[in-house]
Structures are given as structure tokens and as C-alpha cells.
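What the coordinates show
Single-letter residue listing:
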Amino acid sequence: MSDLLRYCLTKPGAWRDEPWEGDVVAKVGDKIFAFVGSDAVTLKCGRSRLEADEFVHIYPDEVSASAYIGRYGWNTIRLGGAVSDAEVHELIDQSYAEIVAKLPKSKRPQG
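Residues numbered from 1 in each chain as written. Predicted model: local features only at pLDDT ≥ 70, side-chain atom pairs only at ≥ 80, totals over all residues. Heavy atoms only, no water.

As recorded in an unreviewed UniProt entry, the chain goes by DNA-binding protein (MmcQ/YjbR family) and comes from Nocardia veterana.

As C-alpha cells, then:
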């Protein structure tokens, strides 16, 4: 298990899933908050494309709008580049919080 996935799974109620063969994700409730790859991670980086683009403008060579779900504020961040591990962890925290906030109260993790 990668350190990044391990970090995702420290979040309350987080669990590992592989909904498509070879694609590892971290979920809370029944919603994905991180697509975890060996060289990139895809995270919810804003409520809209406009918000998510702020990070793309800072790191244009490392961060891009995600295929298919980018219009909903999801970005793909290349690992091992200019985006520090601390920033990636902060983005994971934000993605997790954004997804938890959208869960029905009855499905939100306690803690």
C-alpha cells in the first residue's frame, strides 16, 4: 500500500475500494474522495472548475483538470514534482472534507 493511500485511510470512515480493475480509490461513505495512482492522485480541489483552476494556474506542469470529472472541480496532481507532499496532504484533507459535507448526515463519519 502506498504512503498516499495509507494517509487517505487515516481519515474517519475512509476505506479502500477498487471499483474498476486496477483503479484504487479512497472512499468515505459510498463516495470517492481520492483516486490514487502510482504517479498521480486525483482529488476534488474546488466546488467548481473555476475554484479548482486556481491550483492549475499555480502548478501548470503538475496539475491538470481531470478527464470526465474535471468540470466538477476535480484535478489530477502529478506526484514527485513541484507539489510538495505537505500540499498533497492538504489537498487530500480538502477533498475529504468536501465529500463528507455532501454526504447525508446519517452517513457522515463520527470523529
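Okay, back to it.
Notes on the packing of aromatic side chains
For clarity, the cut-off: To pair, rings of Phe, Tyr and Trp, with the six-membered ring standing in for Trp, must have centres within 6.5 Å; the planes then decide the type, stacked if under 30 degrees apart, edge-to-face if over 60, and tilted in the middle. Secondary structure elements are taken from DSSP: a helix is a run of H or I of four residues or more, a strand is a run of E of two residues or more, and numbering for both begins at the N terminus.
One pass over the full model with this rule turns up four aromatic pairs. With a centroid separation of 6.4 Å and 10° between ring planes, the pair formed by W20 and F35 is classed as stacked. Separated by 15 residues along the polypeptide, W20 in strand β1 (residues 14-20) and F35 in strand β3 (residues 31-36) bring together distant segments of the chain. Residues F35 and W74 carry aromatic rings whose centres are separated by 5.7 Å and whose planes lie at 80° to one another, so their mutual orientation is edge-to-face.

Regarding the sheet that holds strand β6 (residues 74-78)
Note the threshold: Criterion used throughout: strands pair if DSSP finds at least two bridges between them. Axes here refer to lines fitted to C-alpha atoms; in helices the fit is confined to the stretch in contact. Angles between the N-to-C directions go from 0 to 180 degrees. Should any heavy atoms of two residues lie within 4.5 Å, those residues are counted as being in contact.
Taken in spatial order, the six strands line up as β1-β2-β3-β4-β6-β5 in an open sheet, and their pairing is antiparallel. Looking at which strands have only one partner, the edges of the open sheet turn out to be β1 and β5 (63-65). When the angles between neighbouring strand axes are averaged without regard to direction, this sheet yields 30°. Sitting on the sheet, helix α3 (residues 85-102) is in contact with β2 (23-28), β3, β4 (40-44) and β6, with an inclination near 40° to β4.

Digging into the environment of E21
You can see E21 is positioned in the loop between β1 and β2. Along the chain, E21 and L4 lie 17 residues apart, while their C-alpha atoms are 19 Å from each other.

Some words on helix α2 (residues 49-58)
Quick note on the threshold: In this scheme, a residue with accessible area under 20% of its type's maximum is buried, one over 50% is exposed, and one in between is partly exposed, where area comes from a 1.4 Å probe on protein chains only. What the arc covers is the set of directions going from the helix axis to the C-beta atoms.
Of the residues making up α2, those classed as buried are R49, A52, F55 and V56. The buried residues of α2 occupy an angular sector of 115° when projected down its axis, which confines them to one face. Seen from the buried face of α2, the exposed residues on the opposite side, beyond 90 degrees, are L50, E54, H57 and I58. On its buried face, α2 sits against β5, β6 and α3.

Thoughts on the state of the cysteines
The test is simple: Cysteine sulfur pairs qualify as disulfides if the two atoms are within 2.5 Å.
Applying the stated rule across the entire model yields zero disulfides. With no disulfide of its own, C8 lies 12 Å from the sulfur of C45, the closest cysteine sulfur. Looking at C8, the relative accessible area reads 0%, which means it is buried. For C45, a relative accessible area of 14% gives the class buried.

Observations regarding the layout of surface pockets
Heads up, the condition is: Residues are said to line a cavity or pocket when one of their atoms sits within 4 Å of a point; the points come from a 1 Å grid over protein atoms alone, cavities being sets where a 1.4 Å probe fits but cannot get out and pockets being open sets with protein on both sides within 12 Å along at least five of seven lines. Grid points are joined across faces, edges and corners, and a volume is the space filled by probe spheres set on the points. Each residue gets one label: Ala, Val, Leu, Ile, Met, Phe, Trp, Tyr, Cys and Pro are nonpolar, Asp, Glu, Lys and Arg are charged, and the others, such as Gly, are polar.
The volume enclosed by the largest pocket comes to roughly 220 Å³. Those elements that place two or more of their residues in the lining of the largest pocket are β3 and α3. Examining the composition of the lining of the largest pocket, we find that three residues originate from one element, β3, more than from any other. Here the lining of the largest pocket is composed, by residue class, of seven nonpolar, no polar and three charged.

Details of the pattern of salt bridges
Side chains that carry opposite charge are capable of pairing whenever their charged atoms lie near each other. Heads up, the condition is: Salt bridge, as used here, is a side-chain nitrogen of Lys or Arg placed within 4 Å of a carboxyl oxygen of Asp or Glu.
Applying the stated criterion across every chain yields a total of seven salt bridges. The closest approach of N and O atoms between E51 and R47, which form a salt bridge, is 3.0 Å.

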